[in-house]
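Examining the three-dimensional arrangement
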Amino acid sequence: MSQPRQQANRLAQGGRIDRSRRLSFSFNGQTYQGHAGDTLASALLANGVDIVNRSFKYSRARGIVAAGAEEPNALVQLGDGEAAQVPNVRATQQALYDGLSARSTNGWPNVQRDLMGLVGKLSGSFMPPGFYYKTFMAPASMWLTYEKYIRKSAGLGRSPMEGDPDIYDHLHQHCDVLVVGAGPAGLAAALAAARSGARVIVADEQEEMGGSLLDSRELLDDRPADQWVAETLEALSAMDNVTLLSRTTANGYHDHHFVTLHERRTEHLADTAPRKEGRRQVRSRLHRVRAGRVVLATGAHERPLVYAGNDVPGNLLAGAVSTYIRRYGVVPGQRLVLSTSNDHAYRAALDWVEAGREVVAIADARANPDGELVAEARVKGIRVITGSAVVEAKGDSRVNAARIAPIDIAGFRVVGTAETLACDTIASSGGYSPVIHLASHTGCRPTWRDDRLGFVPNTVPGVAAAGGAQAVYATAEVLDDGVAAGRQAAVEAGFEAVSVSPPQVPARRDGEACALYQVPHEKTTLRAPKQFVDLQNDVTAAGIEVATREGFESIEHVKRYTAMGFGTDQGKLGNINGMAIAARCLGRSIPEVGTTVFRPNYTPVTFGSIVGRHCGELFDPERYTAMHQWHVEQGAAFEDVGQWKRPWYFPRQVDGKTESMDEAVARECLAVREKVGILDASTLGKIDIQGPDAREFLGRVYTNKWAKLAPGRVRYGLMCKDDGMVFDDGTTSCLGDNHFLMTTSTGGAATVMEWLEIWHQTEWPELDVYFNSVTDHWATMTVTGPEARKLMEEVTTDIDLDRDSFKFMDWREGKVAGVPARVFRISFTGELAYEINVQANYALPVWETLFAHGNKYGLTPYGTETMHVLRAEKGFIIAGQDTDGSVTPEDLGMYWAIGYDKPFSWIGKRALTRPDSARAGRKQLVGLKPRDSQVVLEEGAPIVLDPNHAIPMPMEGHVTSSYYSPTLASGFALAVVKGGQQKMGESVYLPMADGQVHEAEIVSTIFLDPKGERQHV
Amino acid sequence: MFYIHCPYCGEHREEEEFHPKGQAHIARPQEPESCSDEAWGDYLFFRDNPRGIHHELWVHAVGCRKFFNITRHTVSYAILETYKMGEQPTFTAENPEGRPSVAADPASLREGVRA
Amino acid sequence: MSNLAVETVRTFDTRTEANTPVESPLAYSYRRSGAPAPGADSRVVLRERPFMGHLVLRGGAIVLDDAVREVLGVSLPGEPQGLTLDAEGQRSIQWISPDEWLVIVPGGEEFELEKRLRAALGDAHFAISNIGGGQTLIELEGEAAHELLMKSVVYDVHPSHFPVGKGVTTLFAKTSVVLRRPSESRWELIVRRSFADYTYRWLLDAGEEYAIGVER
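The structure reproduced in this document is the subject of the present report. Keep in mind that what you see is a predicted model, and the values were worked out from it rather than measured.

So, on to the overall build of chain A. What chain A contains, in helices and strands, is 25 helices and 52 strands. Dimensions of chain A, computed from the C-alpha atoms along their principal axes, are close to 115 × 70 × 60 Å. Relative to its full complement of 1017 residues, chain A shows a buried share of 62%. Here the analysis covers contacts within chain A between residues at least 6 apart in sequence; of these, 67% occur between residues at least 24 apart. Total accessible area computed for chain A in this model is approximately 37,700 Å², and 51% of it derives from carbon and sulfur atoms.

This is the structure in structure tokens:
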């Protein structure tokens, strides 16, 4: 570890940092010192670190340019340990903390001596726009090889290879007025809105609220601007209708004023969230804000000028120079040259001089600048070179000189001899671009304001831009604008306007700015040294010119061809300059060329914040039945059925080994066929239907008849959609003449409930019937197998189990294990079966009582896999597995469940008479018996008639369900085959991916007990 | 993420509480059996896809479980109105600025449930 | 018909007075996830009130109002999101939908209540379903309850928008909840039995920051 270096660029006093708190940090392995209140960027500048990265495409040395979210270069990889790695952190937005460890995102093997830099330098002129598209196109197989090296040298950070130790969450927020940005406009707006009583949320992305006022030279009410900020924040935080969120970026603006705010709660403290009072705290939080009205006080980003060599470290935005000096007490150099098109930028030169450093010259592109700040600079003895601009920065790893030349902006040419001035810093300003990202997320196209030289947001109902976001820049006007926007928002949200007077700011006369984007060079754009437009994506003025020459005229196409405004940058610094250059090349005006749209997110958001708490064990709800504890204790393997966790099978320990699924299922199947098994069937959907028209309603939604089903009886029913296709099935029991209990498939419960409601509410409101879900109220246990009655006899005294009084498809009520129960004699196994329903709170004791009595009969718990084998042996379908939305009841061969002569045209009936439903050759459900009894066909396997047919073979159908049956000692399957019902006994073939071809015989879907005698015993 | 006024709950609720159910006012033909195959096919399968004002059926699934209609602009995503089953929209393609509300005509209510 | 008499609607008391053990919907959760005891620093406390009587009442407000007043002694909340409690705060009726109300009464009262309501309503068109085994009531109390709910439900729970006497059905994380505010300090969540464990685990996790405690 090397010795900490001196903070050579740190001023002896000034700034908002806490000099009493020294912090140590490391960058690219070197240890440095900074202060509390620093950003990583200000601390790096204080330590004289010039090169912070290598550029994405050309691998050029890059330094810090900006002081905020618009920083294109200083992207770092943050984090000490592997799990804490965070890519693409802007050093300008990262608060310094003790022990911070960061590395440059790009640069291999390091930023100082970059291998790829040489490549960039040599090949620079051979890397036109579209370079990657053109160069690495062929051969396609080589892309993976290229990519490895391109990524290594030009990636945008890397993901951690270990799990994230931090936790994240979401907060659902609602407010009357959301104010984005807490600079002068935002604070004024917040005050105006809050005083009227509105619920206000103020979000600001910086460590401290105050925005431009934190480094302002101006006086508010005759006092330093930051005093007004402090007082205003104090007033706001004292109001309980105001929520202040600093370190919080509004990263996306979605429909109907839904705005996501990304709050970084601990990233200023450590790379992983420290514990608070011994408890975990969230690292970042996503506020999901539903706002009534939104005030966008997002300010403006200063536009750099585009000139040759403008990417060499030491080129900064003029405003950033002021921010570093006034807010952080850091002067990022010794000798400054300023190149500007406006008065505002003069602040940088004045601040620089006041910091005791030399301003070599100000190059002002205007012929006769005459504002107050210009006069102040001249009074201070600063040389102002008018009608001129920096046309080229000299230097390699740091600026060492600026070439200043007189220019003709309209003619886009240099009109005199350049003067070379030695300096180490060049600050530039081409004016401001309102931050309209959020406004454009709403889909509104911005409007170009020629008088303000920028795009401003178009009007969207409920949204107001204020201050810099609206291209209003004079502090007094910004404050007025904020107050007006805040008041208006509150009034629109239904509150009374309260008068709030903004602080007094002495008016300052500014000269008119001129429009300057790309500075001309003595050479043509294509021949001049590189003039960068988008520093993050390495897009140059020449690149844009080439794109227009190659025929890309739409700005959207230019953007995609050059990559301008891509990625995490989202065109914050470069977009307007790029559009202006495209406009110049195409001979059009900027509004004619238009602008591209910005997308969420404004700055990168961690995946953790997006996920919040919805991960790990809380990723999705897991639904449990009342017997779940028992299943877990028995070592059941679970299957996901929708959100339910259902026992899949219950493996036993046999000779010290755990049974495989096949072994367990074979044992469970035989237990049911030979003795008695029990299934937890609680997950089936259950709907309580009451009303005088309940029976009529059932007749309309089921394909079969319900008119004569008597209380005490149960019937199986099929449901179709109106296109005639089966979508669910189940049994419905008649509880009373106007009272039914419908069961649905486990997965179909919610769908069927909504299905009943939509027909009742939108088509047949005249039917008097109500539906209520009782799925969770009842726990259901299916006792099935030849010994089922004997077991039932032991646990009930008041239900007559005699086969002639409690018949198949009857239901009875009484007590089971002392608990009130409804028992249904329905069977999904083909065996004698009782479905016991008890109130779920009693389920576990009833279940355990059944086992207490059932052991002597060999009572065996079985899971869903065995359930599937047993039902398929009987040809019972599973809707959604044996049907897929293209299968009619006739295709299933279930003619017995279709009531064509019912009086009402029930759902699906009309469609079944459409020509397509009636045509021959429809796929029909059949059984398949593999010729080789040990083969278990693959579910989904295609079926052909001629295995020797040339590929592609005509498909005749596919396997829908397939299992091994221990009862039959054979594989067997259900399948849909074209005209299958007429093909009994014929052979079909199933060619598999591995080249094997299985042969199978088409048979009945019922493999066992075709007369259904076993369930009637 | 829409913010939807449920006409039955009388409040705006988050979109996550609702399910969209397709185009509104698709009435099932009263006499399916006497309906031509073409007319039945239209009822089953054909839907509008307008650029502009669209009437949609939604259900307040995690809420009151009532179905209702939304008039929504498919470009701006603005919701111009929501209305109960049996009511008619105020904003239509023909009257994009809305028409004076008309008293519900009892005769149209039966047809209007979906129609 | 053996033990069934023919009737239009078959009511059935699913409770027994017999000494059968019962398991609340959170019984599994306590075993699986534990139940941190409330401490001095607990800013929110969770409490299950299991085995209450829950009835769904369906019908038109005009049809139901008289019967509810007569049988329950409180008027039917006719306005959306309304929640009415009886004088002791033991029995409540909540607006769920224009034709649906949720009645919650002390466990054991629900079957008698259903019978009395049915008798009072006579031939009117209505429906009553007993769903007491299918859901449970979870109470949240404490200064952080409000923020814990903000982490969990999409609905606006700000006191100005969610005064005492309001109740809504809304989204809780990735499931649904009936959320209500019977008193100034107390929130009630009615959750479906099969989702109770998910809800419980969510509340423990989201409540860690407030040192959530579980009263049992």
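Let's shift gears to the overall build of chain C. When you go through chain C residue by residue, the secondary structure sums to five helices and 11 strands. The C-alpha radius of gyration computed for chain C amounts to 18 Å, which stays within 12% of the reference 17 Å derived for 216 residues, consistent with globular compactness. If one aligns the C-alpha atoms of chain C with their principal axes, the spans along those axes are about 55 × 40 × 30 Å. Partitioning the contacts of chain C with sequence separation of at least 6, the portion at a separation of at least 24 is 66%. Accessible area for chain C stands at about 7,700 Å²; split by element, carbon and sulfur atoms hold 49% of it.

So, about the environment of Ser129(C). Summarising the element assignment, Ser129(C) is placed in strand E6 (residues 126-130). Look at Ser129(C) and you get buried, because its relative accessible area is 1%. If near-sequence neighbours (up to four positions away) are discounted, Ser129(C) is found in contact with Asp688(A), Gln690(A), Asn772(A), Val774(A), His54(C), Leu55(C) and Val56(C). A polar side-chain atom of Ser129(C) sits 3.1 Å from a polar atom in the side chain of Asn772(A).

Our focus in this paragraph is unusual backbone geometry. When glycine is set aside, most residues are seen to have a negative phi, and most peptide bonds are trans. Residues and elements named next belong to chain A. Residue asparagine 601 is reached from proline 600 by a cis peptide bond, and omega for that bond is 5°. When you line up the elements, asparagine 601 lands in the loop between helix H15 (590-593) and helix H16 (607-611). Isoleucine 951 connects to proline 952 through a cis peptide bond whose omega is 0°. Within the fold, proline 952 resides in the loop between strand E48 (942-943) and strand E49 (957-965). One non-glycine residue, aspartate 222, lies in positive phi territory at about 65°. If you trace the backbone, aspartate 222 turns up in the loop between strand E10 (219-220) and strand E11 (223-224). By relative accessible area, aspartate 222 is classed as exposed at 66%.

On to the pattern of salt bridges, then. A complete count under the given rule lists 106 salt bridges over all chains for this structure. As a salt-bridge pair, Asp510(A) and Arg508(A) come within 3.0 Å of each other at their nearest N and O atoms. Here the salt bridges do not stand alone but share partners, grouping Asp169(A), Glu263(A), Arg265(A), Arg280(A), Arg285(A), Arg613(A), Lys151(C), Asp205(C), Glu208(C) and Glu209(C) into one network.

Okay, the interface of chain B and chain C next. Contacts between chain B and chain C engage 12 residues on the former and 18 residues on the latter. Buried surface at the junction of chain B and chain C, summed over both partners, amounts to about 1,100 Å²; 50% is from carbon and sulfur atoms. Put simply, chain B and chain C have three salt bridges between them. For Asp99(C), the salt bridge identified is with Lys66(B), shortest N-O distance 3.1 Å. Inspection of the region where chain B meets chain C yields eight residue pairs in polar contact (both at pLDDT 80 or more). Class assignment of the residues belonging to the side of chain B that touches chain C gives a composition of four nonpolar, one polar and seven charged.

Attention now moves to the interface of chain A and chain C. Facing 67 residues of chain A, the contacting portion of chain C comprises 68 residues. Both sides together, the interface formed by chain A and chain C hides about 6,100 Å², and carbon and sulfur atoms give 52% of it. Linking chain A with chain C are 11 salt bridges, by the criterion used here. With a closest N to O distance of 3.0 Å, Asp41(C) and Arg279(A) form a salt bridge. Counting the contacts that link chain A with chain C gives 42 residue pairs in polar contact (both at pLDDT 80 or more). When contributions to the side of chain A that touches chain C are tallied by element, the ones reaching two or more residues are strand E8 (168-180), helix H17 (628-633), strand E37 (685-690), strand E39 (726-736), strand E41 (770-773), strand E43 (811-816), strand E44 (819-824) and helix H22 (843-854) of chain A. For the side of chain A that touches chain C, the leading source of residues is E8(A), giving six residues. Within the side of chain A that touches chain C, the residues separate by chemical class into 24 nonpolar, 22 polar and 21 charged.

Residue and element names in this part refer to chain C. Its place among the elements puts aspartate 65 in helix H2 (residues 61-72). Relative accessible area serves as the criterion here: at 17%, aspartate 65 is assigned to the buried category. Residue contacts for aspartate 65: discarding those within four places in its chain leaves Ser75 and Leu76.

Right, let's get into the nonpolar core. If you look at soluble globular proteins, the nonpolar side chains tend to sit buried side by side. Core analysis: the largest hydrophobic core is formed by 65 residues, its most contacted members being Ile689(A), Phe697(A), Met742(A), Leu756(A) and Leu57(C). Ile689(A) has contacts with Ala694(A), Leu698(A), Asn738(A), His739(A), Phe740(A), Met742(A), Val769(A), Tyr770(A) and Phe771(A), leaving out every residue within four places of it along the chain. Membership of the second largest hydrophobic core comes to 60 residues, among which are Ala67(A), Ala318(A), Val359(A) and Leu535(A).

Attention shifts here to the packing of aromatic side chains. Counted under the stated rule, the structure contains 36 aromatic pairs over all chains. Each ring, one from Trp40(B) and one from Tyr43(B), has its centre 4.8 Å from the other, and the planes form 55°; the classification is tilted. Residue Trp40(B) and its partner Tyr43(B) are located together in helix H1 (residues 37-45), separated by three residues, close to a single helical turn. Note on Tyr43(B): relative accessible area 9%, which makes it buried. When the ring centre of Tyr602(A) is taken as origin, the NZ or CZ atom of Lys572(A), which lies over that ring, is 4.7 Å away.

All names here are of chain C. Ordered in space as E8-E9-E10-E7-E1-E11, the six strands form an open sheet in which the pairing is mixed. The sheet is open, and its two borders are formed by strand E8 (166-172) and strand E11 (213-215), each paired with just one other strand. Within this sheet the neighbouring strands show an average axis-to-axis angle of 25°, counted without direction. Lying over the sheet, helix H4 (residues 145-152) contacts strand E7 (135-141), E8, strand E9 (175-181) and strand E10 (186-192), oriented at roughly 130° with respect to E7.

Residues and elements named next belong to chain A. A surface patch of nonpolar side chains, amounting to about 320 Å² of accessible area, comprises Phe607, Ile610 and Val611. Mapped onto the elements, phenylalanine 607 comes out in helix H16. Residue classification places phenylalanine 607 among the exposed residues on the basis of a relative accessible area of 71%.

Residues and elements named next belong to chain A. Taken in spatial order, the five strands make up an open sheet running E2-E1-E7-E5-E6, and their pairing is mixed. A strand with exactly one partner marks an edge of an open sheet, and here the two such strands are strand E2 (30-36) and strand E6 (86-90). Along the sheet, successive strands turn relative to each other by an average axial angle of 40°, direction set aside. Two strands pair when backbone bridges link them, and strand E1 (residues 18-27) and strand E7 (residues 100-104) are joined in this way by three bridges, in the parallel orientation. By the bridge assignment for E7, serine 26 is matched with serine 101.

This brings us to the side chain of Lys686(A). Residues and elements named next belong to chain A. Positionally, lysine 686 belongs in strand E37. For the buried lysine 686, no salt bridge exists, and the shortest N-O distance to an oppositely charged side chain is 7.1 Å, to aspartate 776. Within the structure, the side chain of lysine 686 is placed 2.9 Å from the backbone oxygen of leucine 684, a separation counted as a polar contact. Every residue in contact with lysine 686, bar those within four places of it in the chain, is listed here: Ala681, Leu741, Met742, Thr743, Asn772, Ser773, Val774, Thr775, Trp778, Thr780 and Asn837.

Quick notes on the rules
Residues numbered from 1 in each chain as written. Chains lettered and ligands numbered in written order. Predicted model: local features only at pLDDT ≥ 70, side-chain atom pairs only at ≥ 80, totals over all residues. Heavy atoms only, no water. Helix = DSSP H or I, 4+ residues; strand = E, 2+ residues; numbered from the N terminus. Buried < 20%, exposed > 50% of the residue type's maximum accessible area, 1.4 Å probe, protein only. Contact = heavy atoms within 4.5 Å. Areas by Shrake-Rupley, 256 points an atom, 1.4 Å probe, with all protein chains shown as cover. Rg over C-alpha atoms; globule rule 2.2 N^0.38 Å. Polar contact = N/O pair within 3.5 Å; in protein donor to acceptor, adjacent residues only side chain to side chain. Salt bridge = Lys/Arg side-chain N within 4 Å of Asp/Glu carboxyl O. Buried area = accessible area lost by both parts, 1.4 Å probe. Nonpolar A, V, L, I, M, F, W, Y, C, P; charged D, E, K, R; others polar. Core = buried A, V, L, I, M, F, W, Y, C linked by side-chain atoms within 4.5 Å. Phe/Tyr/Trp six-rings, centres within 6.5 Å; stacked < 30°, edge-to-face > 60°. Lys NZ or Arg CZ within 6 Å of the ring centre and 35° of its normal. Pairing = 2+ DSSP bridges. Axes fitted to C-alpha atoms, helices over the stretch in contact; angles between N-to-C directions. Patch = residues over 30% accessible without salt bridge, like charges linked within 9 Å, V, L, I, M, F, W, Y side chains within 5 Å. Lys, Arg positive; Asp, Glu negative; His and termini not counted.

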